[in-house]
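Coordinates in review
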Amino acid sequence: MNKVILLGKLTRDPEVRHTPNNSAVGQFSVAINRKWRDKSGQMQEEVTFVDCEAWGKTAENIAKFFSKGKTIIIEGRLKLDQWEDKQSGSKRSKLKVVVELFYFADDRREDSVSEPKARTAVRSDDTNGGGDDEIPF
């Protein structure tokens, strides 16, 4: 099974381009913070940056409703891209998340330690551009 669920903030505005057959593809990055107390009781924090890719209406909706700094919850799958560098000839690779479902997160609770509440889920196969079902979280 290849499934990833992430909650984080967009590090930049989503960028949407179109393939030659006019399919939308969106690229964005999410910053995920992890906070914990070490053995001495001091608060520690680490940030992980994850590149994400969305297709079709999902890409268009993320670009429409999200911008840098907004909190998003995404579900998707890991994808490893591999290529050969044209200049050096060395092999390169990059791990990213292909978004299959995203949620609007409630930014009002950002200061609390608990996770934001999901309000609306949107599936990547959603042809009308949005889901109206409430998702309990």
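A brief report on the enclosed structure follows. (Residues numbered from 1 in each chain as written. Predicted model: local features only at pLDDT ≥ 70, side-chain atom pairs only at ≥ 80, totals over all residues. Heavy atoms only, no water.)

Evaluated as defined, the whole model comprises four aromatic pairs. Measuring from centroid to centroid gives 5.8 Å for Phe66 and Phe102, while their planes differ by 80°, and the two rings are edge-to-face. Of the two residues, Phe66 sits in the loop between helix 1 (56–65) and strand 5 (71–84) while Phe102 sits in strand 6 (residues 91–105), which places them 36 residues apart along the sequence. Each member of the pair, Phe66 as well as Phe102, carries the same accessibility label: buried. Considering the side-chain rings of Phe102 and Phe104, the 5.7 Å spacing of their centres and the 65° angle between planes classify their relative orientation as edge-to-face. Accessibility expressed as a relative area gives 0% for Phe102, which makes it buried. (Phe/Tyr/Trp six-rings, centres within 6.5 Å; stacked < 30°, edge-to-face > 60°. Helix = DSSP H or I, 4+ residues; strand = E, 2+ residues; numbered from the N terminus. Buried < 20%, exposed > 50% of the residue type's maximum accessible area, 1.4 Å probe, protein only.)

This part covers the nonpolar core. Residues Cys52, Ile62, Ile72, Ile74, Val99 and Phe102 are the most contacted members of the largest nonpolar core, which totals 19 residues. Those elements that place two or more of their residues in this core are strand 1 (4–10), strand 3 (24–37), strand 4 (43–55), helix 1, strand 5 and strand 6. (Core = buried A, V, L, I, M, F, W, Y, C linked by side-chain atoms within 4.5 Å.)

Further remarks concern the side chain of Glu75. Inspection of the secondary structure puts Glu75 in strand 5. In this structure Glu75 comes out as buried when scored by relative accessible area, which is 11%. In contact with Glu75, not counting residues within four places along its chain, are Lys3, Val4, Ile5, Val98, Val99, Glu100, Leu101 and Tyr103. (Contact = heavy atoms within 4.5 Å.)

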